[in-house]
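# Residue-level structure breakdown
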Amino acid sequence: MSRVYNFSAGPAVLPEEVLREAAEEMMDYRGCGMSVMEMSHRSKVFDDLLNETEADLRDLLHIPDNYKVLFLQGGASLQFAMIPMNLMKNRVADYIVTGQWAKKAYQEAQKYGTANKIATSEDQTFSYIPDCSDLPISPDADYVYICENNTIYGTKYKQLPNTKGKLLVSDVSSCFLSEPMDISKYGIVYGGVQKNIGPAGMVISIVREDLITDDVLPGTPTMMKFKTHADANSLYNTPNCYCIYICGKVFKWLKSMGGLEAMKERNEKKAAILYDFLDQSQLFKGTVRREDRSLMNVPFVTGDKEMDAKFVAAATEAGFVNLKGHRSVGGMRASIYNAMPIEGVQKLVAFMNDFEKENR
Ligand SMILES: *Cc1c(COP(=O)(O)O)cnc(C)c1O
């Protein structure tokens, strides 16, 4: 068996311990004589697994009791619609557009009411987070929306926006569980799990209870109401059982690693190895304003498209894969999620250093 160092932005690297455990349980999950993929979502075994998974997530994030945890399908992208359908009582919402994902959410919200773009960093290819300390928040806004870590551009909010008392909704897909967060500051926190947690095909939405009501926009499908899923403990219809199972294992792995404080420390250390190299390199350079750098997604360029392509090819050959930047920005991007070991980043930097010596 040979594993590569996988820098994919998502679906992405998973902890080896988790993969090994899942492989061991594939034919027979804990004496059931079947895999989790094959069992009823109404079975006691699965119900226990679901409840334990939720409890572990609540532990990791210290989720307050007045928040529901929902395991939903449709990915993060379906939340772009589900959020306005459930929250846009005044049909007004404010969006801070810091990248493609925030932009897509903003565009989707326009279908349901007035979505205001109250700040953006598009003028400089989304390479920074705008000052959000005193934005023109709409008096009747139902919520203020952000994408907290911008997967494609590699920026991260280091401070939450001043919403002037309005509800904050945040897409945390690519920084989910990378560090502790104070859930009580948000109305909704959600993320697709295929970036930093588990396999593709599921989104976890953490929703404050008072926002879960029957008072949704007219015509909202049953499956798009938070209340449908909250009332049924995420079992209104068949959930993504196997994804829940793997996420549960990742939650246990995170606990065994010391929880989110320890992950934050580890992630800071890991990211610093790469950023410190980029800051002194004569060939490679980071593309993001220093104070807004993400710990999870690190974009960089040489400034020469051919050199970028040569680097990506050489890196792939050497076992460092999926380093090509997003098709909308080019260059390179190393996604160094929780499951990327420190050695992976150390070895990548050593490889970049050698490449630089040979190509300068
Ligand atoms: C990947 C990503 C999405 C889209 O996720 P899907 O599950 O494919 O819908 C949304 N937001 C962010 C921040 C992402 O990184």
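As the structure is a computational prediction, the values presented were derived from the model and not from experiment. (Residues numbered from 1 in each chain as written. Predicted model: local features only at pLDDT ≥ 70, side-chain atom pairs only at ≥ 80, totals over all residues. Heavy atoms only, no water.)

### Re the pattern of salt bridges
Going by this rule: Salt bridge, as used here: a side-chain nitrogen of Lys or Arg that lies within 4 Å of a carboxyl oxygen of Asp or Glu. Secondary structure elements are taken from DSSP: a helix is a run of H or I of four residues or more, a strand is a run of E of two residues or more, and numbering for both begins at the N terminus. Relative accessible area decides the class of each residue, using a 1.4 Å probe on protein chains only: under 20% of the type maximum gives buried, over 50% gives exposed, and in between gives partly exposed.
Enumeration over the complete set of coordinates arrives at 25 salt bridges. A salt bridge links K249 to E25, with the nearest nitrogen and oxygen atoms 2.8 Å apart. On the criterion of sequence distance, the pair formed by K249 in helix α6 (residues 241-256) and E25 in the loop between α1 (16-24) and α2 (44-61) is long-range, its members being 224 residues apart. For K249, a relative accessible area of 7% translates into the label buried. On the accessibility criterion, E25 (12% relative accessible area) is buried. Across the salt bridge formed by D214 and K227, the nearest N and O atoms sit 3.9 Å from each other. Pair noted here: D214 is in the loop between β10 (203-208) and α5 (226-231) and K227 is in helix α5, with a separation of 13 residues, a long-range link. A single salt-bridge network, built from bridges that share partners, covers E52, D56, D59, K252 and K255.

### Brief notes about the packing of helix α3 (residues 75-87) against helix α4 (residues 100-109)
Under the convention used in this document: Convention adopted: a line fitted to C-alpha atoms gives each axis, helices being fitted over their contacting stretch, and angles between N-to-C directions are expressed from 0 to 180 degrees. Throughout this description, any angle smaller than 35 degrees is read as roughly parallel, any larger than 145 degrees as roughly antiparallel, any in the 65 to 115 degree range as roughly perpendicular, and the remainder as oblique. We call a crossing left-handed when the near helix sits turned anticlockwise from the far one by less than a right angle, and right-handed when that turn is clockwise. Residues count as neighbours in contact if any of their non-hydrogen atoms are within 4.5 Å of one another. Under the scheme applied, nonpolar residues are Ala, Val, Leu, Ile, Met, Phe, Trp, Tyr, Cys and Pro; charged residues are Asp, Glu, Lys and Arg; polar residues are all the others, including Gly.
Where α3 contacts α4, the axes come no closer than 9 Å and their chain directions differ by 40°. Relative to α4, α3 is oriented oblique. The interaxial crossing formed by α3 with α4 has right-handed handedness. Between α3, through S77, F80, A81 and P84, and α4, the contact on the second element is made entirely by W101, K104, A105, E108 and A109. Its residues assigned to classes, the contact of α3 with α4 shows 6 nonpolar, 1 polar and 2 charged.

### Remarks on the side chain of D292
The condition that has to hold: Definition of a polar contact: a pair of N or O atoms within 3.5 Å, with one able to donate and the other able to accept a hydrogen when the atoms are protein atoms, and with sequence-neighbouring residues admitted only if both atoms are side-chain atoms.
Structurally, D292 can be placed in the loop between β11 (285-286) and β12 (297-301). We classify D292 as buried; its relative accessible area is 7%. A distance of 3.0 Å separates a polar atom in the side chain of D292 from the backbone nitrogen of I129. Contact partners of D292, with chain neighbours within four places excluded, come to Y128, I129, G154, T155, K156 and K158.

### Considerations on the pairing of strand β9 (residues 188-192)
The criterion, for reference: Strand pairing is assigned whenever DSSP detects at least two bridges linking the two strands.
Summarising burial for β9: 5 of the 5 residues are buried, a large majority. Across 3 bridges, the pairing between strand β8 (residues 168-171) and β9 is parallel. Paired with S170 across the bridge in β9 is V189. As paired strands, β9 and β10 are joined by 5 bridges and run antiparallel to one another. Looking at the pairing, I188 lines up with V207 of β10.

### Focus: the domain arrangement of the protein
For an interface, size is often stated in terms of accessible area lost upon the parts coming together. Condition: Throughout the structure description, domain borders are defined by an automatic or database domain assignment.
Domain annotation for the protein reports domain 1 (17-256) and domain 2 (258-359). Here the C-alpha centroids of domain 1 and domain 2 sit 27 Å apart. Of the residues lining the interface, 27 residues belong to domain 1; the matching set on domain 2 comes to 25 residues. Where domain 1 packs against domain 2, one counts 0 salt bridges. Among the elements of the structure, α2, β7 (155-156) and α6 are those that each provide at least two residues to the side of domain 1 that touches domain 2. The element that contributes the greatest number of residues to the side of domain 1 that touches domain 2 is α6, accounting for 4 residues. For the side of domain 1 that touches domain 2, a count of residues per class yields 12 nonpolar, 10 polar and 5 charged.

### A closer look at the environment of D140
Tracing the backbone shows D140 in the loop between β4 (114-120) and β5 (144-147). Residues D140 and K166, 26 residues apart in the sequence, show an inter-C-alpha distance of 9.0 Å. Excluding residues within four positions of it along the chain, D140 makes contact with N90, V92 and K166.

### A look at the sheet that holds strand β2 (residues 67-72)
Strand order in the open sheet made by the 7 strands is β2-β10-β9-β8-β5-β3-β4, with mixed pairing throughout. Since the sheet does not close on itself, it has two edges, and those belong to β2 and β4, each with one partner. Geometrically, the sheet is characterised by an average inter-axis angle of 20° between neighbouring strands, direction not taken into account. Sheet strands in contact with α3 are β2, β3 (92-97), β5, β8, β9 and β10, and its direction is about 155° off that of β9.

### Considerations on helix α7 (residues 259-280)
The criterion, for reference: To estimate how far a helix should extend, the number of its residues minus one is multiplied by 1.5 Å.
An ideal rise of 1.5 Å per residue puts 32 Å on 22 residues; α7 measures up with 32 Å between its terminal C-alpha atoms. Those residues of α7 not exposed but buried are G259, L260, M263, R266, N267, K270, A271, L274, Y275, F277 and L278.

### Some words on a nonpolar patch on the surface
Our working rule: Like charges within 9 Å and nonpolar side chains (Val, Leu, Ile, Met, Phe, Trp, Tyr) within 5 Å are joined into patches, using only residues over 30% in relative accessible area that form no salt bridge. For the area figures, the Shrake-Rupley method with a 1.4 Å probe applies, and any residue is considered shielded solely by the protein chains shown.
Judged by side-chain polarity, M26, M27 and M37 come together as a nonpolar surface patch covering roughly 340 Å² of accessible area. Mapping M26 onto the fold places it in the loop between α1 and α2.

### Considerations on the site of the ligand
In plain terms, the rule: We call a residue near a molecule or strand whenever a single non-hydrogen atom of that residue lies within 4 Å of it.
Around the ligand sit G75, A76, S77, F80, W101, C147, N149, T151, D171, S173, Q194 and K195, and that is every residue in its neighbourhood. Contact distances for the ligand include 3.1 Å between an oxygen atom and a backbone N or O atom of A76. Contact between the ligand and Q194: an oxygen atom at 2.9 Å from a side-chain N or O atom of the residue. For the ligand, whose free accessible area comes to 380 Å², the fraction covered by protein is 87%. Of the residues contributing to the shell around the ligand, the split by class is 4 nonpolar, 6 polar and 2 charged.

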